[in-house]
Amino acid sequence: MQQTGTERVKRGMAEMQKGGVIMDVVNAEQARVAEAAGAVAVMALERVPSDIRAAGGVARACDPRIVEDVMNAVSIPVMAKCRIGHITEARVLEAMGVDYIDESEVLTPADEVFHLKKDDYTVPFVCGCRNIGEAARRIAEGASMLRTKGEPGTGNIVEAVRHMRMVNQQVRQIAVMSDDELMTEAKNHGAPYEILKEIKALGKLPVVNFAAGGVATPQDAALMMELGADGVFVGSGVFKSDNPEKFAKAIVEATTHYQDYELIGKLAKELGTAMKGLEISQLSLEDRMQERGW
Amino acid sequence: MKIGILALQGAFREHQRMVEACGEEAVLVKKVEMLSEIDGLILPGGESTAIRRLMDRYGFTEVLRSSTLPMFGTCAGVILLAREVVGEETKHLGKLDIAVERNSFGRQVDSFEAELTVEGVEERALAVFIRAPHIALAGEGVQVLSEAEGKIVAVGSDRHLGISFHPELTDSLVFHQYFMDMVKENISKEMTV
């Protein structure tokens, strides 16, 4: 009678996170700061994306010890990242009882051809996307939540804006498309036909879509909400800023009240310096994490 | 009737859809002033810690504590309505004389959906439990409406309804209709007084 791991249960979990902020943390102490600031979940990892970028080499799923510490430290849901296509990293995280797995391009891909078949798992997954083709393929593989890829660890919002605008524009186009145009649209995007049919029927994506990759200020978070994000992931933005506690709180409030500009102005006042930003054009193609995933 | 849905964080749009499916007007409540325009309030699912922090910051907690509005809390919402949260010091709204326990059915991998029988209602209700709390103790004046796995998951009093799960992720209107009837009764009572 009772069923676990159903589509409704997995997608529903992400629905509960809407309007909220999910923060990257590397230890229990940061997780407590995030929870106290009102984060709806934390993403446990070994290094935030900007440090992954700086360190170079292969980035893997983090030490299970960190995930465990974070899970014991907070009562909000705990997410963790696995490499694209790394079945075992994902299964280990699931066995540990992680609440959500991010099959993430922030880590070095383990498989350059195939993503995980995510509907086989009881634990729900979130995946990055830049356009409707990537979004629809991830949904068809079983992702229960999406996020823009943006360009992680740069503190530069431009790519997240590009990806959010692109996906939403394509969803709007599909919503008004006639049925006989849909198959060619699916072919052009490499998107599963059935998923596009679902998008057309709903007039929106069938799963929640958060913004991620480059959020550094309360204004950045509010901007992404304005552009139609269901919520916001903040990676390096909080704990690479001058005053993480204040930044975390300000980003949470700006996300809730993204159209209350007076309030956001107050929140942003004397926050200290945001994380150092990177200009995207200075990154070589190989250094762009958003190019990962297929 | 105008039904407000506290729209600070969480699945408030799904409740809007359910209220409208019951044939009533739904209002998304983001500011405390909006409470005076509505006949009943839904506290949606989301992260209770996050919602509570925003409620404090925007003055909802104090106003709701003294309010006589009928209220319906789902998941995080029932935690906010409770008199006590087991193992925690924080006092929420104290509307229902119940003690709730958070994450009673395990973590997300243990989250489930089920069909429930509801006391006094013929139709079975479809329920989605997500990292759900349960009602460990129900005091006087609180009627137990449903149980799952031997745990209390739905309770009601004359003006408050609290459930551990999410009917708003399904098309099952049982509990929303139950609340609409509660609000209606409350309005007619107030008119006779």
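Residues numbered from 1 in each chain as written. Chains lettered and ligands numbered in written order. Predicted model: local features only at pLDDT ≥ 70, side-chain atom pairs only at ≥ 80, totals over all residues. Heavy atoms only, no water.

Asker: Could you give an account of the overall build of chain B, with specific residues and numbers?
Answerer: Counting secondary structure elements, chain B contains 5 helices and 12 strands. The C-alpha atoms of chain B give 15 Å as radius of gyration, which agrees with the globular expectation for 193 residues (16 Å, within 12%). Taken over the C-alpha atoms alone, chain B extends approximately 40 × 40 × 30 Å along its principal axes. Residues counted as buried form 59% of the 193 residues belonging to chain B. For chain B, long-range pairs separated by at least 24 residues make up 65% of all intrachain contacts whose partners lie at least 6 apart in sequence. For chain B, the computed accessible surface area is about 7500 Å², with 47% contributed by carbon and sulfur atoms. Measuring between centres, the 20 positive side-chain charges of chain B sit 7 Å from its 30 negative side-chain charges. (Helix = DSSP H or I, 4+ residues; strand = E, 2+ residues; numbered from the N terminus. Rg over C-alpha atoms; globule rule 2.2 N^0.38 Å. Buried < 20%, exposed > 50% of the residue type's maximum accessible area, 1.4 Å probe, protein only. Contact = heavy atoms within 4.5 Å. Areas by Shrake-Rupley, 256 points an atom, 1.4 Å probe, with all protein chains shown as cover. Lys, Arg positive; Asp, Glu negative; His and termini not counted. Charge placed at Lys NZ, Arg CZ, Asp CG, Glu CD.)

Asker: Explain the UniProt feature "binding site: D-glyceraldehyde 3-phosphate" (unreviewed entry) in chain A residue by residue, including any values.
Answerer: The positions UniProt marks with the feature "binding site: D-glyceraldehyde 3-phosphate" (unreviewed entry) are R165 of chain A. Positionally, R165 of chain A belongs in helix α7 (residues 158-176). (UniProt positions renumbered as here; feature names shortened; annotations may be inferred.)

Asker: Go over the UniProt feature "binding site: L-glutamine" (unreviewed entry) in chain B with me, naming the residues and quoting the values.
Answerer: The sites that UniProt annotates as "binding site: L-glutamine" (unreviewed entry) are G46, E47, S48, R102, I130 and R131 of chain B. Their sequence span is 86 residues, while the largest C-alpha to C-alpha distance among them is just 12.8 Å; these annotated residues converge on one region. Filtering the just-named annotated residues for those lining the second largest cavity gives G46, E47, S48, R102, I130 and R131 of chain B. Mapped onto the secondary structure, E47 of chain B falls in the loop between β3 (40-43) and α2 (48-57). Residues in contact with E47 of chain B, not counting those within four places in the same chain, are M16, Q17, V40, I76 and P77 of chain A together with Q9, A76 and R131 of chain B. Here I130 of chain B shows up in the loop between β8 (121-129) and β9 (134-138). Ignoring sequence-local partners within four residues, the contact set of I130 of chain B consists of V9, G12 and M13 of chain A together with C75, Q108, S111, H166 and L169 of chain B. (1 Å grid on protein atoms, 1.4 Å probe; cavity = no way out; pocket = protein on both sides within 12 Å on 5 of 7 lines; lining within 4 Å.)

Asker: Outline the nonpolar core, listing residues and values.
Answerer: If you look at the biggest cluster of nonpolar residues, it comprises 88 residues, and the most contacted ones within it are M23, V70 and M224 of chain A together with L41, M55, F60 and I98 of chain B. Ranked by the residues each element gives to this core, the list is headed by helix α12 (residues 244-256) of chain A, at 6 residues. Sequence-distant contacts of M224 of chain A, that is, excluding residues within four places in its chain, are made with I157, A160, V161, M164, A211 and A229 of chain A. Within the second largest apolar cluster, 31 residues are counted, among which are I3, F12, V153 and A154 of chain B. (Core = buried A, V, L, I, M, F, W, Y, C linked by side-chain atoms within 4.5 Å.)

Asker: Give a detailed account of the sheet that holds strand β3 (residues 41-44) of chain A, specifying residues and quantitative values.
Answerer: Residue and element names in this part refer to chain A. If you walk across this open sheet you meet the 8 strands as β8-β7-β6-β5-β4-β3-β2-β9, and the pairing is parallel. One side of each edge strand has no neighbouring strand; the edge strands of this open sheet are β8 (208-210) and β9 (232-234). Across the sheet, the mean angle from the axis of one strand to that of its neighbour is 30°, orientation sign disregarded. Pairing geometry for strand β2 (residues 21-25) and β3, over 4 bridges, is parallel. Across the sheet, the residue bridging to I22 is A41, located in β3. Strands β2 and β3 of the sheet are contacted by helix α2 (residues 28-37), whose axis makes an angle of about 165° with β2. (Pairing = 2+ DSSP bridges. Axes fitted to C-alpha atoms, helices over the stretch in contact; angles between N-to-C directions.)

Asker: Please provide a residue-by-residue account of the UniProt feature "active site" (unreviewed entry) in chain B, values included.
Answerer: Residue and element names in this part refer to chain B. On the UniProt side, "active site" (unreviewed entry) is annotated at positions that read C75, H166 and E168 here. For this annotated set, covering 94 residues, all C-alpha atoms fall within 10.9 Å of each other, a compact arrangement in space. Lining the second largest cavity, out of the annotated residues just given, are C75 and H166. Sequence-distant contacts of C75, that is, excluding residues within four places in its chain, are made with G45, I130, A132, P133, I163, S164, F165 and H166. Positionally, E168 belongs in the loop between β12 (160-163) and α5 (174-192).

Asker: Can you tell me about the interface of chain B and chain A, naming the residues and giving the values?
Answerer: In this assembly, 37 residues from chain B lie in contact with 41 residues from chain A. Counting the surface lost from both chain B and chain A, the interface buries some 3200 Å², and carbon and sulfur atoms represent 53% of this. The largest share of the area that chain B buries against chain A comes from R107, V109 and E113 of chain B, three residues that together contribute 20% of it. At the surface where chain B touches chain A, the tally comes to 6 salt bridges. Of the charged contacts, one joins D260 of chain A and K31 of chain B as a salt bridge, the two residues approaching to 3.7 Å between their closest N and O atoms. Put simply, chain B and chain A have 20 residue pairs in polar contact (both at pLDDT 80 or more) between them. Among the elements of the structure, α2, β7 (112-118) and β8 of chain B are those that each provide at least two residues to the side of chain B that touches chain A. Broken down by element, the residue count for the side of chain B that touches chain A peaks at 5 residues, all from α2 of chain B. Two elements, strand β1 (residues 3-4) of chain A and β7 of chain B, share 2 bridges in a ladder whose sense is antiparallel. The partner of Q3 of chain A across the bridge, within β7 of chain B, is E113 of chain B. (Buried area = accessible area lost by both parts, 1.4 Å probe. Salt bridge = Lys/Arg side-chain N within 4 Å of Asp/Glu carboxyl O. Polar contact = N/O pair within 3.5 Å; in protein donor to acceptor, adjacent residues only side chain to side chain.)

Asker: Quick rundown of empty space enclosed by the protein? Include the residues and the values.
Answerer: Counted by the stated rule, this structure contains 4 cavities of 30 Å³ or more. Reported here for the largest cavity is a volume of approximately 200 Å³. Lining of the largest cavity is provided by 22 residues; of these, D24, P49, P152, G213 and G235 of chain A occupy positions nearest its centre. Secondary-structure elements contributing two or more residues to the lining of the largest cavity are β9 and α11 (236-239) of chain A. Taken together, the residues of the lining of the largest cavity sort by class into 9 nonpolar, 8 polar and 5 charged. The space that makes up the second largest cavity amounts to roughly 160 Å³. Looking at the second largest cavity, it is lined by 17 residues, and the ones nearest its centre are G46, E47, C75, N103 and R131 of chain B. Residue classes in the lining of the second largest cavity are distributed as 9 nonpolar, 5 polar and 3 charged. (Points joined across faces, edges and corners; volume = space filled by probe spheres on them. Nonpolar A, V, L, I, M, F, W, Y, C, P; charged D, E, K, R; others polar.)

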